Protein chains: 2
Amino acid sequence: MALEHAILVSLSERAASGAELTRRFDASIGYFWTATHQQIYRVLGRMETDGWITAESVPQPDRPTTKVYAVTAAGHAELRRWIAEPTAPDPVRSTLGVKMRGASYGDRAALLDDLRHQLDEHTKRHSLYEFLAARDFPDPAALDDAGRDIYLVLRGGLLMEEFWIRWLTEYLDAHTKEIP
Amino acid sequence: MALEHAILVSLSERAASGAELTRRFDASIGYFWTATHQQIYRVLGRMETDGWITAESVPQPDRPTTKVYAVTAAGHAELRRWIAEPTAPDPVRSTLGVKMRGASYGDRAALLDDLRHQLDEHTKRHSLYEFLAARDFPDPAALDDAGRDIYLVLRGGLLMEEFWIRWLTEYLDAHTKEIP
DNA sequence: TCAAACATGTAACAAGTTACATGATTTG
DNA sequence: CAAATCATGTAACTTGTTACATGTTTGA
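Counting restarts for each chain, with residues numbered from 1 along the sequence as it is written. Following the order in which they are written, the chains are lettered starting with A and the ligands numbered starting with 1. Given that the model is predicted, a residue must reach a pLDDT of at least 70 before its local features are reported, and side-chain atom pairs must reach 80 or more before they are shown or counted; all residues, however, enter totals for whole chains, interfaces and linings. Computation of side-chain values: all heavy atoms of the structure, hydrogens and water removed.

The name given to chain A in an unreviewed UniProt entry is PadR family transcriptional regulator, with the source organism recorded as Nocardioides simplex.

1. Some details on the protein's contact with DNA strand C
Close to DNA strand C lie 20 residues, the nearest being Ala-19 of chain A together with Met-1, Gln-38, Gln-39 and Arg-42 of chain B. Each residue is tested against the molecule or strand, and it is near if at least one of its non-hydrogen atoms lies within 4 Å. For DNA strand C, the backbone makes up 62% of the atoms found within 4 Å of the protein, where backbone means sugar plus phosphate. The term polar contact refers here to a pair of N or O atoms within 3.5 Å; inside protein, the definition further demands a hydrogen-donor-capable atom paired with an acceptor-capable atom, and it admits residues adjacent in sequence only when both atoms are side-chain atoms. One of the side-chain N or O atoms of Arg-93 of chain A is found 3.4 Å from a phosphate oxygen in DNA strand C. Breaking the surface near DNA strand C down by element, the ones donating at least two residues are α2 (18-26), α3 (37-50) and β2 (63-71) of chain A together with α3 (37-49) and β2 (63-71) of chain B. Of the residues assigned to the surface near DNA strand C, the class counts are five nonpolar, seven polar and eight charged. By definition, any uninterrupted DSSP run of H or I lasting at least four residues is a helix, any uninterrupted run of E lasting at least two residues is a strand, and each is numbered from the N terminus. Here the term charged refers only to Asp, Glu, Lys and Arg, the term nonpolar to Ala, Val, Leu, Ile, Met, Phe, Trp, Tyr, Cys and Pro, and the term polar to all other amino acids, Gly among them.

2. Side note on the nonpolar core
Nine residue types can take part in a nonpolar core, namely buried Ala, Val, Leu, Ile, Met, Phe, Trp, Tyr and Cys, and a core is a set of them joined through side-chain atoms within 4.5 Å. Any residue under 20% of the maximum accessible area for its type is buried, any over 50% is exposed, and the rest in between are partly exposed; the area is computed with a 1.4 Å probe on protein chains only. Ile-7, Phe-25 and Leu-115 of chain A together with Ile-7, Phe-25 and Leu-115 of chain B are the most contacted members of the largest nonpolar core, which totals 96 residues. Residue contacts are counted whenever heavy atoms from the two residues lie within 4.5 Å of one another. Ignoring anything within four residues of it in the chain, the contact list for Phe-25 of chain A reads Leu-3, Ala-6, Ile-7, Gly-30, Trp-33, Thr-34, Ala-35 and Ile-40 of chain A.

3. Focus on the packing of aromatic side chains
Within 6.5 Å between ring centres, the rings of Phe, Tyr and Trp (the latter by its six-membered ring) count as paired, and their orientation is classed by plane angle as stacked under 30 degrees, edge-to-face over 60, tilted in between. Applying the stated rule across the entire model yields 10 aromatic pairs over all chains. Look at Phe-163 of chain A and Trp-167 of chain A: their rings are 5.6 Å apart centre to centre, the planes differ by 35°, and that puts the pair in the tilted class. With a gap of four residues between them, Phe-163 of chain A and Trp-167 of chain A both fall in helix α7 (residues 145-174), about one helical turn apart. Take Phe-163 of chain A and Trp-167 of chain A: they sit in the same class, and that class is buried. Three or more aromatic residues joined by ring pairs make a cluster, and in this case those are Phe-163, Trp-164 and Trp-167 of chain A. Note that Lys-99 of chain A overlies the ring of Trp-82 of chain B, its terminal NZ or CZ placed 4.9 Å from the centroid. Whether a charge sits over a ring comes down to the Lys NZ or Arg CZ being within 6 Å of the ring centre and within 35 degrees of the ring normal.

4. Notes on the side chain of Lys-99 of chain A
Here Lys-99 of chain A is to be found in helix α5 (residues 95-102). Charged residues are defined narrowly, with Lys and Arg counted positive, Asp and Glu counted negative, and His plus the chain ends left uncounted. For salt bridges, the criterion is a side-chain nitrogen of Lys or Arg within 4 Å of an Asp or Glu carboxyl oxygen. Buried and unpaired, Lys-99 of chain A has no salt bridge, with Asp-114 of chain A as the nearest side chain of opposite charge at 4.3 Å. A distance of 2.8 Å separates a polar atom in the side chain of Lys-99 of chain A from a polar atom in the side chain of Thr-87 of chain B. Leave out the neighbours within four places in its chain, and Lys-99 of chain A touches Leu-111 and Asp-114 of chain A together with Trp-82, Ile-83, Glu-85, Pro-86 and Thr-87 of chain B.

5. Section: the interface of chain A and chain B
Frequently, the measure chosen for interface size is the accessible area removed from exposure when the parts meet. Of the residues lining the interface, 63 residues belong to chain A; the matching set on chain B comes to 63 residues. At the boundary of chain A with chain B, the tally comes to eight salt bridges. The partner of Arg-108 of chain B in a salt bridge is Asp-145 of chain A, and the shortest N-O contact between them spans 3.9 Å. When contributions to the side of chain A that touches chain B are tallied by element, the ones reaching two or more residues are α1 (3-13), α4 (73-84), α5, α6 (108-136) and α7 of chain A. Taken together, the residues of the side of chain A that touches chain B break down into 30 nonpolar, 16 polar and 17 charged.

6. Looking at helix α5 (residues 95-102) of chain B
Among the eight residues of α5 of chain B, eight are classified as buried, and the element is accordingly described as predominantly covered. Within the span of α5 of chain B, buried status applies to Thr-95, Leu-96, Gly-97, Val-98, Lys-99, Met-100, Arg-101 and Gly-102 of chain B.

7. Observations concerning the UniProt feature "domain: Transcription regulator PadR C-terminal" (unreviewed entry) in chain A
UniProt annotation of "domain: Transcription regulator PadR C-terminal" (unreviewed entry) refers to residues 92-174 of chain A when read in the numbering used here. The distance separating the terminal C-alpha atoms of residues 92-174 of chain A is 24 Å; by composition the span is 81% helix and 0% strand. UniProt positions are given in the numbering used here, feature names are shortened, and annotations may be inferred rather than shown by experiment.

8. Focus: the protein's contact with DNA strand D
Lining the immediate environment of DNA strand D, one finds 20 residues, of which Gln-38, Gln-39 and Arg-42 of chain A together with Ala-19 and Arg-23 of chain B sit closest. A breakdown of the atoms of DNA strand D within 4 Å of the protein gives sugar and phosphate a share of 62%. Between DNA strand D and Arg-42 of chain A, the relevant distance is 2.8 Å, taken from a base nitrogen to a side-chain nitrogen or oxygen of the residue. When residues of the surface near DNA strand D are traced back to their parent elements, those giving at least two are α3 and β2 of chain A together with α2 (18-26), α3 and β2 of chain B.

9. Section: the pattern of salt bridges
Tallied over the entire structure, the rule returns 26 salt bridges over all chains. Two residues, Arg-108 of chain B and Asp-149 of chain A, come together in a salt bridge whose shortest N-O distance is 2.9 Å. Of this pair, Arg-108 of chain B sits in helix α6 (residues 108-136) while Asp-149 of chain A is found in helix α7, placing the two residues in two different chains. For the pair formed by Arg-108 of chain B and Asp-149 of chain A, the shared burial category is buried.

10. Focus: the relation of the copies chain A and chain B
The transformation that overlays chain A on chain B combines an axial shift of 0.0 Å with a rotation of 180°, and the residual RMSD is 0.0 Å. Both chain copies can therefore be described as sitting about a two-fold axis. Rotation axis and chain A: the residue whose C-alpha lies nearest the axis is Phe-163 of chain A, separated from it by 3.1 Å. Most of the interface of chain A is mirrored in chain B: 100% of its interface residues are interface residues there too. Least-squares fitting of one copy onto the other uses the C-alpha atoms of those residues that reach a pLDDT of at least 70 in both copies.

11. Remarks on the domain arrangement of chain A
Boundary definitions for the domains trace back to an automatic or database domain assignment. Each assigned domain of chain A is listed with its residue range as follows: domain 1 (3-84) and domain 2 (95-174). Relative to domain 2 of chain A, the C-alpha centre of domain 1 of chain A lies at a distance of 28 Å.

12. Brief notes about the packing of helix α1 (residues 3-13) of chain B against α2 of chain B
Residues and elements named next belong to chain B. Here an axis means a line fitted to C-alpha atoms, over the contact stretch when the element is a helix, while the angle between two N-to-C directions is reported on a 0 to 180 degree scale. Closest axis-to-axis distance for the α1/α2 pair is 11 Å, and the angle between their directions is 105°. Taken together, α1 and α2 sit at an angle that is classed as roughly perpendicular. Listed contacts from α2 to Leu-3, Ala-6, Ile-7, Ser-10 and Leu-11 of α1 are Leu-21, Arg-24 and Phe-25. Among the residues making up the contact of α1 with α2, the classes are represented as six nonpolar, one polar and one charged. An angle counts as roughly parallel when it lies under 35 degrees, as roughly antiparallel when it exceeds 145, as roughly perpendicular when it falls between 65 and 115, and as oblique in every other case.

Here it is in structure tokens:
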């Protein structure tokens, strides 16, 4: 399981409440690991029981008191252990791959419409990542190691979007009869 | 859920037993959808109950009798329905992304070793896909629609491996201090 | 002040994984 | 003929999803 470890990484960067973590999993971390708030709260509970994190109740002036979680020494040790461990490949599950392969047994025109929409979404997301890279990392060569890691993971997101754009374009082109 | 539908696609191409399906999910279909035999048998049972497939016991000369599954009209209708349905993005879960981002909180040298191994594996897999493409699809332009779909999904696997090779190479290069 | 949104959950269910089981069958 | 493999499963557990609950706070 890597949700625990994704949370450990995020909390190592900066302590946070459950809600703040949820927001991070909707944004930056969400680009390579998704989780809903229900999952996050459940796992936070388990991690606290296991002693990987501690919760501190922080009363706030004009907001309800929130629990802020921070990584313990045990949590840090676990994260170190996990990072050094050999990584098994993530399971592959591509719904679009299944649909493309099965197109002959369904409505190909409807699928092509869907794929055009997917291509659109991936193109938009690619632009977003390019914008974020330019805004937050104007000079990648000047980054320290930790900053470089964040930048390179964003690069991964960008390359992934390029993969999608290539694949979808190739499929759409191959199945679009040219009208002379 | 798409495992049902991946099975429907596979059985539409050709009827098969549970074991044969398992083999397909270890090979061609496995390149974009993974499933273990336990999952497959369980889902086959449910699909039979739902009337999407029928099982025919086929006694074989010198082998034990196997159950061969085939898609029913109801199964075909369901597959058509599902293919035309708008596709929600698959959840993103990249263990290596989490590790790359957390490298500062662990043993970076160990991670880089792991990543070099991953790069190796993806390079091998890329070669395999290139070999399969050359062997099975020497003339892509000559394919019919169904054949083209199979070819294009293989192309997707190839492009995916190229994504991995790019990302891993970029990460490794960025974290490899040049020795002058 | 009422409605919407926020923060923090619980419960029930579905999907996926790991470990084990059983009989037939080929092979060394 | 014993060991390994194949084909077909069952059971228990973990992870992930969907639907609901409850109190707080901000904004129209």
